[in-house]
Amino acid sequence: MNIAVRPASAYEDVRTLVGPKSPGANVCWCLSYRLPAKLNKELRGPARGEYVAELCRAEPPPGVLAYEGGEPVGWAAVAPRSVTSFARSRSIPHVDDLPVWSLWCIRVRPGHRGKGVSHALIAGAVAFARDRGAPAIEAYPLDSGGDRVDLTMAYAGIRKNFERAGFIHAADTTSVLAGHPRVLMRMDLRGQRRAGPEARAAGRTS
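Summed over all chains, the structure comprises ten salt bridges. One salt bridge in this structure joins glutamate 59 and arginine 132, with 3.0 Å as the shortest N-O distance. Placement of the pair is glutamate 59 in the loop between helix H3 (46-57) and strand E2 (63-68) and arginine 132 in the loop between helix H4 (117-131) and strand E5 (136-139), with a sequence separation of 73 residues. We note a salt bridge from lysine 115 to glutamate 68, for which the minimum N-O separation is 3.8 Å. Linking lysine 115 in the loop between strand E4 (101-108) and H4 with glutamate 68 in strand E2, this pair joins segments that are 47 residues apart in sequence. With a relative accessible area of 35%, lysine 115 lands in the partly exposed category. According to the relative accessible area criterion, glutamate 68 is partly exposed, its value standing at 21%. Sharing partners across several salt bridges, the network here consists of Arg81, Asp96, Glu138 and Arg186.

Our focus in this paragraph is the state of the cysteines. This model, assessed by the stated rule, comprises zero disulfides. Considering cysteine sulfurs only, cysteine 30 is the nearest to cysteine 56, which forms no disulfide, with 11 Å between them. Of the residues examined, cysteine 56 reaches a relative accessible area of 4% and is grouped as buried. This cysteine, cysteine 105, is not joined by any disulfide, and cysteine 30 carries the nearest cysteine sulfur, 3.7 Å off. Here cysteine 105 falls in the buried class, since its relative accessible area comes to 10%.

If you look at the biggest cluster of nonpolar residues, it comprises 28 residues, and the most contacted ones within it are Val78, Leu103, Leu121, Ile137, Phe162 and Phe167. Broken down by secondary-structure element, the contributors of at least two residues to this core are strand E1 (3-7), E2, strand E3 (71-80), E4, H4, E5 and strand E7 (180-188). Among the elements that take part in this core, H4 stands out by supplying eight residues, more than any other. Once residues lying within four places of it in the same chain are set aside, the contact partners of leucine 103 are Ala76, Ala77, Val78, Ile122, Ala125, Ile137, Glu138, Ala139, Tyr140 and Phe162. Core analysis: the second largest hydrophobic core is formed by 25 residues, Ala8, Ala77, Ala79 and Leu184 among them.

As a volume, the largest pocket reaches approximately 1000 Å³. Together, 39 residues line the largest pocket, and Ile106, Arg113, Leu151, Ala154 and Tyr155 are the ones closest to its centre. For the lining of the largest pocket, the elements supplying multiple residues, two or more each, are E4, H4 and helix H5 (159-164). Of the residues contributing to the lining of the largest pocket, the split by class is 21 nonpolar, twelve polar and six charged.

Right, let's talk about the side chain of aspartate 13 for a bit. Within the secondary structure, aspartate 13 is located in helix H1 (residues 11-18). Buried charge without a partner: aspartate 13 forms no salt bridge, and the closest opposite charge is arginine 6, 6.4 Å away. Other than its neighbours up to four places away in sequence, aspartate 13 contacts Leu65, Tyr67 and Pro72.

So, about unusual backbone geometry. Along the chain, glutamate 59 connects to proline 60 via a cis peptide bond; the corresponding omega equals 0 degrees. For proline 60, the position within the fold is in the loop between H3 and E2. Notably, alanine 178 is not glycine yet its phi reads approximately 55 degrees, a positive angle. Within the secondary structure, alanine 178 sits in the loop between strand E6 (168-177) and E7.

About the thresholds
- Residues numbered from 1 in each chain as written.
- Predicted model: local features only at pLDDT ≥ 70, side-chain atom pairs only at ≥ 80, totals over all residues.
- Heavy atoms only, no water.
- Salt bridge = Lys/Arg side-chain N within 4 Å of Asp/Glu carboxyl O.
- Helix = DSSP H or I, 4+ residues; strand = E, 2+ residues; numbered from the N terminus.
- Buried < 20%, exposed > 50% of the residue type's maximum accessible area, 1.4 Å probe, protein only.
- Disulfide = S-S within 2.5 Å.
- Core = buried A, V, L, I, M, F, W, Y, C linked by side-chain atoms within 4.5 Å.
- Contact = heavy atoms within 4.5 Å.
- 1 Å grid on protein atoms, 1.4 Å probe; cavity = no way out; pocket = protein on both sides within 12 Å on 5 of 7 lines; lining within 4 Å.
- Points joined across faces, edges and corners; volume = space filled by probe spheres on them.
- Nonpolar A, V, L, I, M, F, W, Y, C, P; charged D, E, K, R; others polar.
- Lys, Arg positive; Asp, Glu negative; His and termini not counted.

This is the structure in structure tokens:
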């Protein structure tokens with residue numbers, strides 16, 4: 001199976017993955033960690049979607065999307081840590097002063113799980129950050145110890161999936177999600193070769 005991972009510039013595809021069924025619904029839109037708490041609370045209903053549409057038109061866009069046969073099947077949020085709430089987090093530490101990027105949300109559409117989409121999203125997010133000059137990328141997944149994780153709370157990812165992708169454990173955190181501790185996983189991107197224009201455009205992985 002071939003999964004293409006591309007920058008999340010297509011608003012309608014982002015909406016398919018993280019938007020509500022009803023335009024007026026107050027769902028997260030994957031903005032909770034991206035916005036200051038006050039602004040996140042003030043943006044209601046359609047205003048949340050409009051904000052995401054602006055992000056999709058910006059550079060860099062707000063993350064990456066996975067496609068299978070042209071259909072959007074997965075989403076990963078990735079951005080410089082400095083523009084997220086993780087920059088001010090008291091529960092997730094700063095390892096050093098590098099201007100790292102954060103990968104904090106992975107979502108796979110029902111019916112497409114178990115096909116390797118999440119692994120493709122992690123790889124695609126790493127390439128996305130690396131190609132934009134990130135010296136390192138961090139994630140804050142659950143350390144579930146092999147226990148089953150409620151899918152509704154698994155958006156942060158699972159430690160073993162990041163280890164498989166080449167991330168290493170950089171620090172413990174005091175953050176807990178769905179009853180499981182979160183750990184800070186990191187990949188150093190310095191010295192890694194940046195992809196060429198064709199690879200960046202396609203973002204293909206399997």
